[in-house]
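Listed below, chain by chain, are the residues.
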Amino acid sequence: MKLKSAPTLLLLLALFSFNVQAQKGWINLFNGKDLKDWNVKISKHDYKDNYANTFRVENGVMKVNYDGYNEFDKQYGHIFYNKPFSYYLLKLTYRFVGEQAKGGEGWATRNSGAMLHGQDPSTMLKDQDFPISVEAQILGGDGEHVRHTSNVCTPGTLINYKGALFTTHCLDSQSKTYAGDQWVTAEFLVLGDSVIKHIIAGEVVLEYTKPQIGGGSVTNYDPKVKVDGTPLKSGYISLQSESHPIEFKTVKLFDLAPYAKDETKLNKVIDKILKE
């Protein structure tokens, strides 16, 4: 093998150093090639059974599709990244496409979500519908109605909103409606069990605090897992299949855990990455 010249090696090292610096702190949860590091749990099916190839990768995009279903039949699914996080900024770029699966619920039209601080998927029972988690709900416009995106829903959890315990299942954000098949980028800033912020186009459209286990809107779970009142300090991230096809182009995360004990440094890092 012919050795590269010194100037060439220096250039390569400089480029490598630049790329490392540019990516420092960011983790590409989705690699654009396959579902490595992700595990599937679909209601009515065993853990890791990717029924009907619901979750797949095509042309560099993670797709949630139902062409293998005869009927949706409340087979709610989630694809989980394989490790939990506590302090982080999650960034998604998504779009809804096509028509809803036959048998999907009316409320699930152009509806999906990113589940935050979720339970370990290996602890979900076969017929459990949703993981105990805080759902950063994603909605697409239907061309007729106002449909905010980046809302919050609470399967088996509770949050505090404006200083008070919020017990209703879902809470709308202040985002605009994104209709059609356009790509949308959403960010979710999660700081342990203190505060969670939903951000669209650089604007905080929803903010709430003190996520904890509690409430309803989740069925067929193991009671040993749902210990009401337990603060949600960390957990697994998952993406939903709720009967409407959706695609994810970007799923990446900036791990803020190294700065969690230094509030000044934490805030500086957050300010910096939100401007990128």
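A.B. asks: An account of the overall build of the protein chain is needed here, citing residue identities and associated values.
C.D. replies: Along the protein chain, the regular secondary structure elements total two helices and 17 strands. The C-alpha radius of gyration of the protein chain comes to 20 Å, within 12% of the 19 Å expected for a compact globule of 276 residues. Each of the three principal axes of the protein chain carries a C-alpha extent, and together these read 65 × 45 × 40 Å. Within the protein chain, the fraction of its 276 residues that count as buried is 46%. With the model as given, the accessible surface of the protein chain reaches about 13500 Å², and the carbon-plus-sulfur share is 51%.

A.B. asks: If you had to explain the side chain of His 244 to someone new, which residues and values would you point to?
C.D. replies: Note that His 244 resides in the loop between strand S16 (236-241) and strand S17 (246-255). For His 244, a relative accessible area of 4% corresponds to the buried category. Looking at His 244, its side chain comes within polar contact range of the main-chain oxygen of Gly 98, at 3.1 Å. In contact with His 244, other than residues within four places in its own chain, are Tyr 66, Phe 96, Val 97, Gly 98, Glu 99, Gln 100, Ala 108, Thr 109, Arg 110 and Asn 111.

A.B. asks: Lay out the pattern of salt bridges in plain terms, naming residues and giving numbers.
C.D. replies: For the structure shown, the criterion picks out 12 salt bridges. Between Lys 74 and Glu 105 there is a salt bridge, with its nearest N and O atoms 3.8 Å apart. In this pair, Lys 74 sits in the loop between strand S4 (61-64) and strand S5 (77-81) while Glu 105 sits in the loop between strand S6 (87-96) and strand S7 (111-118), placing the two residues 31 residues apart along the sequence. Among the salt bridges present, the one from Arg 110 reaches Asp 181, with a minimum N-O distance of 3.0 Å.

A.B. asks: Tell me about the state of the cysteines, and name the residues and values.
C.D. replies: Summed over the entire model, instances satisfying the criterion amount to one disulfide. Bridging Cys 153 to Cys 170, the disulfide has an S-S length of 2.0 Å. Between Cys 153 and Cys 170, the S-S torsion sits near 110°, and that sign places the bridge as right-handed. Placement of Cys 153 in strand S9 (residues 151-153) and of Cys 170 in strand S12 (residues 170-171) is noted, with a sequence separation of 17 residues between them. For Cys 170, a relative accessible area of 31% puts it in the partly exposed group.

A.B. asks: Before we move on, could you go through the side chain of Ser 173 and cite the residues and values that matter?
C.D. replies: By the element assignment, Ser 173 lies in the loop between S12 and strand S13 (184-191). Exposure remark for Ser 173: the relative accessible area of 0% places this residue in the buried category. A polar contact is formed between the side chain of Ser 173 and the backbone nitrogen of Ser 175, at a distance of 3.1 Å. Ignoring any residue separated from it by four or fewer positions in sequence, one finds Ser 173 in contact with His 148, Thr 149, Ser 150, Asn 151, Val 205 and Leu 206.

A.B. asks: A description of the environment of Leu 253 should follow, citing residues and the corresponding values.
C.D. replies: By the secondary structure assignment, Leu 253 is in strand S17. Given the relative accessible area of 0%, Leu 253 is considered buried. Those residues in contact with Leu 253 that lie beyond four places of it in its chain are Gly 25, Trp 26, Ile 27, Leu 29, Phe 85, Tyr 88, Leu 89, Leu 90 and Ile 237.

A.B. asks: Mind laying out the pairing of S7, listing which residues take part and the relevant values?
C.D. replies: Counting buried positions along S7 yields eight of eight residues, so the element is predominantly enclosed. Examined bridge by bridge, S7 and strand S8 (residues 134-139) share six bridges and lie antiparallel to one another. Within S8, the position partnered with Ser 112 by the bridge is Ile 138. One ladder, built from three bridges, connects S7 with S16; its direction is antiparallel. Paired with Gly 118 across the two strands is Tyr 236, which belongs to S16.

Rules used in this analysis
- Residues numbered from 1 in each chain as written.
- Predicted model: local features only at pLDDT ≥ 70, side-chain atom pairs only at ≥ 80, totals over all residues.
- Heavy atoms only, no water.
- Helix = DSSP H or I, 4+ residues; strand = E, 2+ residues; numbered from the N terminus.
- Rg over C-alpha atoms; globule rule 2.2 N^0.38 Å.
- Buried < 20%, exposed > 50% of the residue type's maximum accessible area, 1.4 Å probe, protein only.
- Areas by Shrake-Rupley, 256 points an atom, 1.4 Å probe, with all protein chains shown as cover.
- Polar contact = N/O pair within 3.5 Å; in protein donor to acceptor, adjacent residues only side chain to side chain.
- Contact = heavy atoms within 4.5 Å.
- Salt bridge = Lys/Arg side-chain N within 4 Å of Asp/Glu carboxyl O.
- Disulfide = S-S within 2.5 Å.
- Pairing = 2+ DSSP bridges.

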